[in-house]
Amino acid sequence: MSIYQQIENLFHPRIRQACLRLFLDAHFRQAVAEAFLQVELAVQEKSGNSFTGRTLIQHAFRSKSGPRLSLHHSEKATKAAKEFFEGAFSYYRNHAVHVGIGIDEGVCTRALMVASELLDLFQVSEIQFSTVSDLEKIAIGRGFSSIGSLFELLHSLDGRLL
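Conventions and cut-offs
Residues numbered from 1 in each chain as written. Predicted model: local features only at pLDDT ≥ 70, side-chain atom pairs only at ≥ 80, totals over all residues. Heavy atoms only, no water. Helix = DSSP H or I, 4+ residues; strand = E, 2+ residues; numbered from the N terminus. Buried < 20%, exposed > 50% of the residue type's maximum accessible area, 1.4 Å probe, protein only. Contact = heavy atoms within 4.5 Å. Areas by Shrake-Rupley, 256 points an atom, 1.4 Å probe, with all protein chains shown as cover. Axes fitted to C-alpha atoms, helices over the stretch in contact; angles between N-to-C directions. Left-handed = near helix turned anticlockwise from the far one by under 90°. Nonpolar A, V, L, I, M, F, W, Y, C, P; charged D, E, K, R; others polar. Parallel < 35°, antiparallel > 145°, perpendicular 65-115°, else oblique. Phe/Tyr/Trp six-rings, centres within 6.5 Å; stacked < 30°, edge-to-face > 60°.

(A) Local environment of the overall build of the chain. A count of helices and strands for the chain gives eight helices and two strands. Reading the helices (α) and strands (β) of the chain from amino to carboxyl end gives α-α-α-α-β-α-α-β-α-α. Per-residue burial over the chain gives 38% buried out of 162 residues. Across the chain, contacts joining residues at least 24 apart in sequence account for 65% of those joining residues at least 6 apart. Of the roughly 9400 Å² of accessible surface on the chain, a fraction of 55% belongs to carbon and sulfur atoms.

Have a look at this one:
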């Protein structure tokens, strides 16, 4: 097995899908930018937020009212994850998108690994709601006309095996 195959197996499936061809074709800056775009899209999809970059992460992991992402490990782990996400976005994403100097194969490999780790960490996060209006924001953002239509769907599915 080549070193590239070994590295490829370490990437998150979403990173492999979106970035591997760019990486193998030596488009390292674009691969890093795309990897962090994939992380950003994953956070937007799960949180229902349309913000971008650090603002997205701050809103998704906020500790005040509103829907928020949380790690079931602990509040301390959630705070550390938020700081990890913010730091990665500030460093890798912004550098790749705005500067791009010095992104060689090694830097790209490490950045894709960080993006993969963020996606893995993100997959185990859960959305917490502090009020029903928080749930309504998510429901409407996901295509429901109202929270009532979401409740109707949930009621019709209650007790059914999917």
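(B) Layout of the packing of helix α3 (residues 28-47) against helix α4 (residues 53-60). Between α3 and α4, the shortest axis-to-axis distance is 10 Å and the interhelical angle comes to 35 degrees. Seen along the crossing, α3 lies across α4 with a hand that is left-handed. Residues Glu40, Val43, Gln44 and Ser47 of α3 touch α4, and the partners they reach there are Gly53, Leu56, Ile57 and Ala60. Its residues assigned to classes, the contact of α3 with α4 comprises four nonpolar, three polar and one charged.

(C) Highlighting the packing of helix α5 (residues 75-99) against helix α6 (residues 105-123). It is at 11 Å that the axes of α5 and α6 come closest, and there the two elements cross at 150 degrees. Put simply, α5 runs roughly antiparallel to α6. For α5 against α6, the interelement crossing comes out left-handed. Taken together, the residues of α6 that come into contact with α5 (itself represented by Ala81, Phe84, Phe85, Ala88 and Tyr92) are Arg110, Ala111, Val114, Glu117, Leu118, Leu121 and Phe122. Of the residues in the contact of α5 with α6, the class split is ten nonpolar, no polar and two charged.

(D) Representation of the packing of aromatic side chains. Within the structure shown, the criterion is met by five aromatic pairs. Arranged with centres 5.9 Å apart and planes meeting at 65 degrees, the rings of Phe23 and Phe28 form a pair that is edge-to-face. With respect to class, Phe23 is no different from Phe28; both count as buried. Taken together through their ring pairs, the aromatic side chains of Phe36, Phe89, Tyr91 and Tyr92 make up a single cluster.

(E) How the structure looks around unusual backbone geometry. A positive phi angle, close to 65 degrees, is found at Ala26, a residue other than glycine. Locating Ala26 in the fold gives a position in the loop between α2 (13-24) and α3.

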